[in-house]
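Spelled out from the first residue to the last, the chains are:
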Amino acid sequence: MKTDKTYKSALERLSGYIRANGMRPSAVRRMILEQVCALPQPFTAEQLAKACAEQRISVGSVYNALNLFVTARILHASVRQRGRAATEYELMTDNTMRMQVICQKCGRKTDFNDKAIARLIQERKYSNFNLQHFSLIVYGECKVCRRRVAKATLNS
Ligand SMILES: [Zn+2]
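Residues numbered from 1 in each chain as written. Predicted model: local features only at pLDDT ≥ 70, side-chain atom pairs only at ≥ 80, totals over all residues. Heavy atoms only, no water.

(A) Focus on the nonpolar core. Core analysis: the biggest nonpolar cluster contains 27 residues, and Leu-48 and Phe-69 have the highest contact counts within it. Of all the secondary structure elements, the ones that give two or more residues to this core are helix H1 (4-20), helix H2 (27-38), helix H3 (45-53), helix H4 (59-71) and strand E3 (87-91). With near-sequence residues (within four places) excluded, Leu-48 lies in contact with Ile-32, Gln-35, Val-36, Leu-39, Phe-43, Val-62 and Leu-66. (Core = buried A, V, L, I, M, F, W, Y, C linked by side-chain atoms within 4.5 Å. Buried < 20%, exposed > 50% of the residue type's maximum accessible area, 1.4 Å probe, protein only. Helix = DSSP H or I, 4+ residues; strand = E, 2+ residues; numbered from the N terminus. Contact = heavy atoms within 4.5 Å.)

This is the structure:
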């Protein structure tokens, strides 16, 4: 397990989400969350399914849990850029701040860290809410795609 604290915090958020949505708690889901916390981050659904197979958890349960964890903001999902395209999942901790620029044409992503924006969001008061984490995604067009378009225009 990554850390006990990580698992406890994730479990707390999952339980809260399940209660708030009138769902039934499930032991299998808890076991899957335990496996999630034990995996190196980020991980793919395949990796999680493999770890869960050893606990005799079905692939179907793994995919259902993954979708729920993303909806419940326990996991952050993004498309892997290197190698074969696959969705990667990563645990969101209590103070995850994610800022990314994503190219709308090719999906290339770059993390950035803007302390001024982070401070602005963290110091802002959200009535009836405590800030736990946030993600900011800026969409644009990367250098490579821009160059490709310029070239195509030149050749036509
Ligand atoms: Zn691009």
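(B) Examining the domain arrangement of the protein chain more closely. Domain boundaries in the protein chain define domain 1 (1-94) and domain 2 (95-156). Once you take the C-alpha centre of each, domain 1 and domain 2 turn out to be 24 Å apart. Between domain 1 and domain 2 the total buried area reaches about 940 Å² when both faces are included, carbon and sulfur atoms providing 40% of it. Applying the counting rule to domain 1 against domain 2 returns one salt bridge. One salt bridge connects Glu-90 with Arg-98, and the closest N-O pair in it is separated by 3.0 Å. Inspection of the region where domain 1 meets domain 2 yields three residue pairs in polar contact (both at pLDDT 80 or more). Elements with a contribution of two residues or more to the side of domain 1 that touches domain 2: strand E2 (75-79) and E3. Top element by residues in the side of domain 1 that touches domain 2 is E2. It accounts for three residues. For the side of domain 1 that touches domain 2, the per-class residue count stands at three nonpolar, four polar and four charged. (Domains from an automatic or database assignment. Buried area = accessible area lost by both parts, 1.4 Å probe. Salt bridge = Lys/Arg side-chain N within 4 Å of Asp/Glu carboxyl O. Polar contact = N/O pair within 3.5 Å; in protein donor to acceptor, adjacent residues only side chain to side chain. Nonpolar A, V, L, I, M, F, W, Y, C, P; charged D, E, K, R; others polar.)

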